[in-house]
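Overview (structure and organization)
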Amino acid sequence: MESLSTFVQAATPGTLSATAAPSFRNASLEHASQGHELSQSARLGLALLASGVGAACSWRTRRRQPRQAGCHALPDEDAEKDLEELEAELEALEEAMQEDADRREGELLEKVDRTLSDAPAAQTSAVVTAKGATTRGPGRVVVCGTVGENGVAQLVFSQLKEQATAKEEPAWIDLAEASRLNFEELDERMQGSSALVFCPDAADASAESLAVAKEGLKAVIASSPDELTKAVLLSHVGAQEGKGGFNIGSFFGQSTGTAWSSLEDELTSTARKRSSNRPLRTLIVRVADPPEGAMEGSVRCLQADETSDGAVTSPRVAADALFQALSFDVNTDFAVIEEPGASVAPNWGEVLLPFVGPELWRARVQDVKKAAFFVQGWAEEFFGPGKSSARLGVKTPVMIQNSASGVKFKFKPIGTGNEALFDDLDEGGLEFLVEEPSNGDARLRVIRCDYGWKVTVKENSERALLEKFQKDWAEVGER
């Protein structure tokens, strides 16, 4: 500070020389770097240096000094006039510099505001209907069920019919008759359809009834048109429990009869045999036994292999679950049950949300923009172009692309170079989504995405990528 004061004094008009200018500049910069505000004199000194006025001051001073022998000094009034003109110029220069600084500050603030306004907006979750842009509707659906009043098949068929346009009128096939219908008749009923729904009678789990349903299922799938790409099966909770165990009856050649697991296996195995140009994606919705009478309860959706003691599923709830799963394009098997308690109408969008993708992880967030910036910056830092994912335990190469509300990772086949196009990749991936639902807390979710037909899920790479993120999020992430 002492050195700066010295040079500030030296910067007064008439005393700043060319040799002192660099020292003055350096002292001023050092003073500012220490967090001190420059005085008005110091700022004027810098202005003098920047504009060459310092030299003018020195020249003016020389003009005021007496000349050597043989020369006459300039009159005092001329010197005062020159000084006034120079001070006016300095004042104008300072005003211009201040105006330029104000302009630059304004431009910077505008840029910051523009950046924040362009930040990723919170996205409504993939199955929330509050804004009307997250459901695509079920399309034209073929319902395959058994004849009977107030059964699940009839209820879901009625819902589809109420919601359908003229081109999306649902079709009905009786499972008990399907195996006896010829190929042409089945094909005609299913023309223009995009999905099948199989609804065996959940209240009749006898081996005979399930065997009839299985034969009807096989006949319908064999006749399905190429444009039909989704098949939904209503099954029973615990359908696959006990499979693989030893059965003494089967050892002696005795048949155990058709079970719910047999229907599920028939559907999934038949779908896997479809060629790449005729994909058939399956969805299994498991329900519990229907209640014996009217009951009050809350609706829950669980992982497909989970259940709850004492749980039941009414035909109405089962039908609603099937309809909503079709409407929101749910792609992961689940179970729907009712548990005793207060009866509350389910928010199907939120209830089914974890089964779109499916969801692998979620966390609450306080600031959606900060969360979106964090996930995008994190992805670029560790997995951006030129970064090797293998060093972080993610054995499958990845490409990243920012989305409106986060970032998407896509896996690349090993050995694929930089020529791969992001939109063409179908080896699967993970998407990080920052969402702000209309009812509920803002959140960050990670979901599985972009797996092509018959592509094996890369669970190890998914796990390594997600564990890396969870660790970094816990340390520095916005929570």
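Residues numbered from 1 in each chain as written. Predicted model: local features only at pLDDT ≥ 70, side-chain atom pairs only at ≥ 80, totals over all residues. Heavy atoms only, no water.

Moving on to the pattern of salt bridges. Per the counting criterion, the structure on display carries 17 salt bridges. One salt bridge connects arginine 443 with glutamate 350, and the closest N-O pair in it is separated by 2.8 Å. Of the two residues, arginine 443 is situated in strand E12 (residues 443–451) and glutamate 350 in helix H13 (residues 348–352); the sequence distance between them amounts to 93 residues. For arginine 443, a relative accessible area of 5% gives the class buried. (Salt bridge = Lys/Arg side-chain N within 4 Å of Asp/Glu carboxyl O. Helix = DSSP H or I, 4+ residues; strand = E, 2+ residues; numbered from the N terminus. Buried < 20%, exposed > 50% of the residue type's maximum accessible area, 1.4 Å probe, protein only.)

Let's shift gears to the pairing of strand E1 (residues 141–145). Among the 5 residues in E1, 5 count as buried, and that is most of the element. Going residue by residue along E1, you find Val141, Val143 and Gly145 tucked away on one face and Val142 and Cys144 tucked away on the opposite face as well. One ladder, built from 5 bridges, connects E1 with strand E3 (residues 195–199); its direction is parallel. Directly across from glycine 145, in E3, lies its bridge partner cysteine 199. Note: E1 against strand E2 (residues 171–174), 4 bridges, orientation parallel. Following the sheet pairing, glycine 145 is matched in E2 by aspartate 174. (Pairing = 2+ DSSP bridges.)

Let us now look at the nonpolar core. In this structure, Val156, Leu322, Val330, Phe334, Val336 and Trp348 are the most contacted members of the largest nonpolar core, which totals 35 residues. Of all the elements, helix H12 (residues 315–327) adds the most residues to this core, at 8 residues. What valine 330 contacts, discounting residues up to four positions off in sequence, is Lys230, Leu283, Ala325, Leu352, Phe355 and Val356. The next biggest cluster of nonpolar side chains, apart from the first, holds 29 residues, and it includes Phe374, Phe432, Val434 and Trp473. (Core = buried A, V, L, I, M, F, W, Y, C linked by side-chain atoms within 4.5 Å. Contact = heavy atoms within 4.5 Å.)

One open sheet accounts for 5 strands, arranged E8-E12-E11-E10-E9; its pairing is antiparallel. This sheet does not close on itself; its edge strands, each paired only once, are strand E8 (359–364) and strand E9 (398–403). Each strand of the sheet is rotated relative to its neighbour by a mean of 20°, with strand direction disregarded. In the sheet, E8 pairs with E12 via 5 bridges, with the strands oriented antiparallel. From the neighbouring strand, tryptophan 361 faces E12, where its bridge partner is valine 446. Against the sheet, helix H15 (residues 459–476) contacts E8, strand E10 (406–411), strand E11 (427–435) and E12, and its axis sits at roughly 5° relative to E8. (Axes fitted to C-alpha atoms, helices over the stretch in contact; angles between N-to-C directions.)

Before going further, it helps to examine the confidence of the model for the protein chain. With 73% of its residues at a pLDDT of 70 or more, the protein chain has an overall mean of 79. Across the protein chain, the secondary-structure element scoring lowest on mean pLDDT is helix H10 (residues 248–251), at 36, and the one scoring highest is strand E5 (residues 281–287), at 97. When the criterion is pLDDT under 50, residues 1–25 qualifies, and its contacts beyond four places in sequence or with other chains add up to 38 contacts. Segment residues 31–74 is flagged for pLDDT under 50; beyond a separation of four residues in sequence, or across chains, it makes 53 contacts in the model. (pLDDT = per-residue confidence, 0-100.)

This paragraph deals with the environment of valine 232. Along the chain, valine 232 falls in strand E4 (residues 230–236). When its relative accessible area of 1% is taken as the criterion, valine 232 is described as buried. Between the alpha carbons of valine 232 and aspartate 333 there is a distance of 9.4 Å; along the sequence they are 101 residues apart. Those residues in contact with valine 232, other than ones at most four positions away along the chain, are Leu196, Val197, Phe198, Leu283, Val285, Leu322 and Leu326.

To continue, consider the pairing of E5. In terms of burial, E5 is largely enclosed, as 5 of its 7 residues are buried. Pairing of E5 with strand E7 (residues 334–340) involves 3 bridges; the strand directions are parallel. Residue pairing in the sheet places valine 287 in a bridge with valine 336 of E7.

What follows concerns helix H14 (residues 368–383). Here H14 spans 22 Å end to end across 16 residues, near enough to the 22 Å set by a 1.5 Å rise per residue. Every buried residue belonging to H14 is among Val368, Ala371, Ala372, Phe374, Val375, Gln376, Trp378, Ala379 and Phe383, and all of these are buried. The elements touched by buried residues of H14 are E9, E10, E11, E12 and H15. (Expected span 1.5 Å × (residues − 1).)

Once that is clear, we can look at the layout of surface pockets. Empty space within the largest pocket amounts to approximately 1100 Å³. Mapped by element, the contributors of at least two residues to the lining of the largest pocket are helix H11 (260–272), E5 and E12. The leading source of residues in the lining of the largest pocket is E5, at 5 residues. Classifying every residue of the lining of the largest pocket by side-chain character gives 15 nonpolar, 9 polar and 12 charged. (1 Å grid on protein atoms, 1.4 Å probe; cavity = no way out; pocket = protein on both sides within 12 Å on 5 of 7 lines; lining within 4 Å. Points joined across faces, edges and corners; volume = space filled by probe spheres on them. Nonpolar A, V, L, I, M, F, W, Y, C, P; charged D, E, K, R; others polar.)

Moving on to the packing of aromatic side chains. Under the criterion given, the structure shown has 14 aromatic pairs. Relative to tryptophan 473, the ring of phenylalanine 374 has its centre 5.4 Å away and its plane inclined at 70°; by these criteria the two rings are edge-to-face. With a gap of 99 residues between them, phenylalanine 374 in helix H14 and tryptophan 473 in helix H15 connect regions that are remote in the sequence. Accessibility assignment for this pair places phenylalanine 374 and tryptophan 473 in one class, buried. When the centroid spacing of 4.9 Å and the interplanar angle of 70° are considered together, the rings of phenylalanine 432 and phenylalanine 469 count as edge-to-face. (Phe/Tyr/Trp six-rings, centres within 6.5 Å; stacked < 30°, edge-to-face > 60°.)

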